[in-house]
Amino acid sequence: ILDELISKFDTVNNMGWVKSLRDGDTGIGYTFETLIGIEENNDKKADFKGIEIKCKQIKNAAANGKINLFQQAPIWTIKESAANRIRRIGQQGLDSLYSCYSQVTTNKNNLGLFLETGISSHQIDLFKDAGHIGYWPNIDIESRLLEKHARSVFVKAEVKGNKSGQKFFYKEMIYCEKPNIHRFLDLLKKRQIVFEFTMSEKADGKIRNHGYPWRLINEELLTELFSLQVRVR
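Below is a short write-up of the structure. (Residues numbered from 1 in each chain as written. Predicted model: local features only at pLDDT ≥ 70, side-chain atom pairs only at ≥ 80, totals over all residues. Heavy atoms only, no water.)

## Considering the overall build of the protein chain
Broken down by element type, the protein chain carries six helices and 15 strands. The C-alpha radius of gyration of the protein chain comes to 19 Å, within 12% of the 17 Å expected for a compact globule of 233 residues. Considered along the principal axes of its C-alpha atoms, the protein chain spans approximately 55 × 40 × 35 Å. Taken across its 233 residues, the protein chain has 47% of its residues classed as buried. Within the protein chain, residue pairs in contact and separated by at least 24 positions form 63% of the contacts whose partners lie at least 6 positions apart. Accessible surface computed for the protein chain: about 12000 Å², of which carbon and sulfur atoms make up 46%. The averaged location of the 29 negative side-chain charges in the protein chain is 2 Å from the averaged location of its 35 positive side-chain charges. (Helix = DSSP H or I, 4+ residues; strand = E, 2+ residues; numbered from the N terminus. Rg over C-alpha atoms; globule rule 2.2 N^0.38 Å. Buried < 20%, exposed > 50% of the residue type's maximum accessible area, 1.4 Å probe, protein only. Contact = heavy atoms within 4.5 Å. Areas by Shrake-Rupley, 256 points an atom, 1.4 Å probe, with all protein chains shown as cover. Lys, Arg positive; Asp, Glu negative; His and termini not counted. Charge placed at Lys NZ, Arg CZ, Asp CG, Glu CD.)

In structure tokens:
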């Protein structure tokens, strides 16, 4: 299966610069997956016959960006509406609407949000100031990690143009496997894996939520999350 995926990558690589098939940040992944024959879906499982595909822009080391690992919402300790929750954890803007675009680590952030891994041996806890507001059982995190990244490839492309007219040149592929929950927790304690809220209130009062991503802050840390990492292209 990996050989098949590498062959498909080579075909795309031989195309040189290709026009983005979608505007915006998701164009780089959507375009590659479309070119190798993957239809877009909302399945939580890996993209290509058990191999997860992540695409990102080639940048210099100083500008190396985050890598999305998976999405997993917390189990909330208080059951409430999305409108009440964003008022609890977010902040009000000049337009009187609430939002919560916030990176959460084991250090308290400007909204008073932080994570703890030492309170119990079996879960990650989420706090707002002194209040415990949610948690993730380690078994759920491990399940998502193995579901999405038992085998993964990270595809890197050069990018030119603006977000409404980008072109990509897919140049590199790194293959990884055997992620480990203990490695995940160690990276979390070091603030090298982060959790993010991406919520905002619309003028009609509805809450828009872009998901609950867990992200690795730098691709160079892949070796610390995965037991095996090989550059195949």
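Next comes the rest of the description.
## A closer look at the sheet that holds strand E4 (residues 75-76)
Strand order across the open sheet formed by four strands is E4-E9-E8-E7, with antiparallel pairing between neighbours. In the strand order of this sheet, the two ends are held by E4 and strand E7 (113-116), each with one partner. One ladder, built from six bridges, connects strand E8 (residues 123-128) with strand E9 (residues 131-137); its direction is antiparallel. Bridge assignment links Gln 123 to a residue of E9, and that residue is Pro 137. Running at roughly 45° to E9, helix H4 (residues 138-149) makes contact with E4, E8 and E9 of the sheet. (Pairing = 2+ DSSP bridges. Axes fitted to C-alpha atoms, helices over the stretch in contact; angles between N-to-C directions.)

## Regarding helix H1 (residues 2-14)
The end-to-end C-alpha distance of H1, which contains 13 residues, comes to 18 Å, matching closely the 18 Å that a straight helix rising 1.5 Å per residue would cover. Restricting attention to buried positions, one finds in H1 the residues Leu 2, Leu 5, Ile 6, Phe 9 and Val 12. One side of H1 holds all its buried residues, which, seen down the axis, span an arc of 120°. Residues Asp 3 and Asn 14 are exposed on H1 and point more than 90 degrees away from its buried face. Where H1 is buried, its residues contact helix H2 (27-35), strand E2 (52-57), strand E10 (151-160) and strand E11 (167-179). (Expected span 1.5 Å × (residues − 1). Arc of directions from axis to C-beta.)

## With respect to the nonpolar core
Counting 37 residues, the largest nonpolar core has Leu 115, Ile 124, Phe 184, Ile 193, Phe 197 and Trp 214 as the members making the most contacts within it. Leu 5, Val 12, Ile 51 and Cys 55 belong to the second-largest nonpolar core, a separate cluster that totals 22 residues. (Core = buried A, V, L, I, M, F, W, Y, C linked by side-chain atoms within 4.5 Å.)

## Side note on the environment of Asn 209
Checked against the element boundaries, Asn 209 lands in strand E13 (residues 207-209). According to the relative accessible area criterion, Asn 209 is partly exposed, its value standing at 33%. Sequence separation of Asn 209 and Ala 82 is 127 residues, and the distance between their C-alpha atoms is 9.1 Å. Among residues more than four places away in sequence, those in contact with Asn 209 are Thr 198 and Met 199. At 2.9 Å, the side chain of Asn 209 and the side chain of Tyr 212 are in polar contact. (Polar contact = N/O pair within 3.5 Å; in protein donor to acceptor, adjacent residues only side chain to side chain.)

## Overview of a nonpolar patch on the surface
A cluster of nonpolar side chains, namely Met 15, Leu 21 and Leu 35, defines an oily patch on the protein surface of about 250 Å² accessible area. Turning to its location among the elements, Leu 21 is positioned in the loop between strand E1 (18-19) and H2. (Patch = residues over 30% accessible without salt bridge, like charges linked within 9 Å, V, L, I, M, F, W, Y side chains within 5 Å. Salt bridge = Lys/Arg side-chain N within 4 Å of Asp/Glu carboxyl O.)

## Overview of the packing of aromatic side chains
For the coordinates displayed, the defined rule picks out 15 aromatic pairs. Ring centres of Phe 9 and Phe 32 lie 6.2 Å apart, and the angle between their planes is 55°; this geometry places the pair in the tilted category. Placement of the pair is Phe 9 in helix H1 and Phe 32 in helix H2, with a sequence separation of 23 residues. The two residues Phe 9 and Phe 32 agree in class, both being buried. A ring pair is formed by Phe 154 and Phe 226, whose centres lie 6.2 Å apart and whose planes are at 70°; its orientation type is edge-to-face. Residue Phe 154 is found in strand E10, and its partner Phe 226 is found in strand E15 (residues 226-231); the two are separated by 72 residues along the sequence. Accessibility classification places Phe 154 together with Phe 226 in one group, the buried group. An aromatic cluster of three or more residues is present, and its members are Phe 70, Trp 76, Trp 136, Phe 184, Phe 195, Phe 197, Tyr 212 and Trp 214. Sitting over the ring of Tyr 30, Arg 22 keeps its end group 4.0 Å from the ring centre. Directly above the aromatic system of Trp 17 lies the positively charged group of Lys 160, at a separation of 4.4 Å from the ring centroid. (Phe/Tyr/Trp six-rings, centres within 6.5 Å; stacked < 30°, edge-to-face > 60°. Lys NZ or Arg CZ within 6 Å of the ring centre and 35° of its normal.)

Coordinates in, geometry out; function isn't part of it.
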